[in-house]
Amino acid sequence: MLLFDTHCHLDLPELAADLPAFLAVAMDAGIRRILVPAVEAARWNGLLQLQQTTALQLDVALGIHPWWAESASEEQLDLLAQLLQTEASVCAVGEIGLDFALVKADEIATQQLHQWQQTLFSAQLAVAAQARKPVVLHHRKSQPALLAELKRQQFSQGGILHAFSGSQAQAHAFLDLGFKLGIGGTISYERAQKTRDTVKKLPLSALVLETDAPAMPLAGFQGQVNTPAQLALVFQQLCALRPESPVVLAEALWQNSLSALQLPA
Ligand SMILES: [Zn+2]
């Protein structure tokens, strides 16, 4: 069975330090394709080169993660729009979104930070729409605000809601807008009962797999660096929740990944 990791930060230091080894272990575990989303503009060039120097198939999303919102600039947004035109290998805009769990020392500074995130998200969504690219969305305590902006812009390219957690209603709000849901290590935790229950009952067409490595280790691996090979364990967890056979599940997840990222079959 061939697996597609739709969210893995191979360029971050924990993985980049020994990338060939991590990718070799991932290959052995059945991972054949990985989407690497950017977190900040300073890493875009590195990502474009990363893709051209490895045997395992890598796809790239370029964008600015909300944690880096304060260092974002107009010039970077212009460069993003330009790279989406010139670099055929860039399939999506990401990782972009809103992180309202991120706070400052006082209320006013926190509000300013969240406002700046909103401005940046809105601008990047418009760039993605202009380039007709899907987006990879980051959310923490921000699903309503993300939905509001997607609707305000009538964004129609879809993409992936990364690190999905939530209820049926929350899931369907994004599915209705053409998104798929990134299913990762969260489902390995007993305490994530609501999310596990949701993932069990969603239409199969809603789901894609992800590790979010080096972040989000699975249950039993807390405190360790998460790696792309762990996608096989996320897949096992999903198999245990779902009624479909592993073969059917793997094939559907692969096709869902291509579809969400508008990649040719
Ligand atoms: Zn991420």
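Residues take numbers from 1 onward in each chain, read along the sequence in its written order. Totals for whole chains, interfaces and linings use every residue, but because this is a predicted model, local features are given only for residues with pLDDT of at least 70 and side-chain atom pairs only at 80 or more, for both listing and counting. Only hydrogens and water are set aside when side-chain values are computed; all heavy atoms of the structure are taken into account.

Colleague: How should I be thinking about the overall build of the protein in this particular structure?
Modeller: On a plain count of helices and strands, the protein comes out with 10 helices and 8 strands. The reference for a compact globule is 2.2 Å times residues^0.38; the radius of gyration itself is calculated from the C-alpha atoms. Computed over C-alpha atoms, the radius of gyration of the protein comes to 17 Å, within 12% of the 18 Å expected from 2.2 N^0.38 for 265 residues, which places it in the range of a compact globule. Relative accessibility thresholds used throughout: buried, under 20% of the residue-type maximum; exposed, over 50%; partly exposed, between the two (1.4 Å probe, protein chains only). Scored against the burial criterion, the 265 residues of the protein give a buried share of 55%. Residues count as neighbours in contact if any of their non-hydrogen atoms are within 4.5 Å of one another. Put simply, of all contacts in the protein between residues at least 6 apart along the chain, 73% involve residues at least 24 apart. Surface summary for the protein: the accessible area is close to 11500 Å², and the carbon and sulfur share equals 54%. Charged-residue counts in this description rest on Lys and Arg as positive and Asp and Glu as negative, His and the chain ends being excluded. Note that the charge is assigned to NZ on lysines, CZ on arginines, CG on aspartates and CD on glutamates. Each charge class in the protein was averaged separately, 17 positive and 24 negative side chains, and the resulting centres sit 8 Å apart. For helices the rule is a DSSP run of H or I covering at least 4 residues; for strands it is a run of E covering at least 2, with both sets numbered from the N terminus onward. Here the Shrake-Rupley method, with its probe set to 1.4 Å, supplies the accessible areas, and only the displayed protein chains count as covering residues.

Colleague: What am I meant to see in the coordination of the zinc ion here?
Modeller: For a metal bound by four donors in tetrahedral geometry, the ideal donor-metal-donor angle is 109.5 degrees, whereas six donors in octahedral geometry ideally sit at 90 or 180 degrees. In this analysis a donor is any N, O or S atom within 2.8 Å of a metal ion (3.2 Å for sodium, potassium and calcium), and since water is not included, sites may seem incomplete. Protein coordination at the zinc ion: the donors are His7 (NE2), His9 (NE2), Glu95 (OE) and Asp212 (OD), at 2.1 to 2.7 Å from the metal. All donors of the zinc ion belong to a single chain; written as a sequence motif, their spacing is H-x1-H-x85-E-x116-D. Taken together, the residues span a long stretch of sequence, with His9 in the loop between β1 (3-5) and α1 (13-16) and Asp212 in the loop between β8 (207-209) and α9 (231-241) at a distance of 203 residues. Pair check on accessibility: His9 and Asp212 agree, each one buried.

Colleague: Help me understand helix α3 (residues 44-51), please; the structure alone is not making it clear to me.
Modeller: Residues three or four positions apart in an α-helix share a direction because the helix packs 3.6 residues into each turn. Taken as a whole, α3 has its buried residues at Trp44, Leu47, Leu48, Leu50 and Gln51. One side of α3 carries all its buried residues, which in axial view fall inside an arc of 160 degrees. Against the buried residues of α3 lie α2 (19-28), β2 (31-37), β3 (57-62), α4 (74-86) and β4 (90-99). By arc we mean the arc of the directions from the helix axis to the C-beta atoms, nothing more.

Colleague: Got a minute to help me understand the packing of aromatic side chains in this structure?
Modeller: A ring pair, where both rings are aromatic, is described by two values, the distance of the centres and the angle of the planes. Planes of paired rings set the category: under 30 degrees apart is stacked, over 60 is edge-to-face and the rest tilted, where pairs are Phe, Tyr or Trp rings (Trp by its six-membered ring) whose centres lie within 6.5 Å. Here the structure, examined in full by the defined rule, presents 3 aromatic pairs. Both rings, one in Trp67 and one in Trp68, keep their centres 6.4 Å apart while their planes meet at 25 degrees; by these two values the pair is stacked. On the accessibility criterion, Trp67 (45% relative accessible area) is partly exposed. When its relative accessible area of 25% is taken as the criterion, Trp68 is described as partly exposed.

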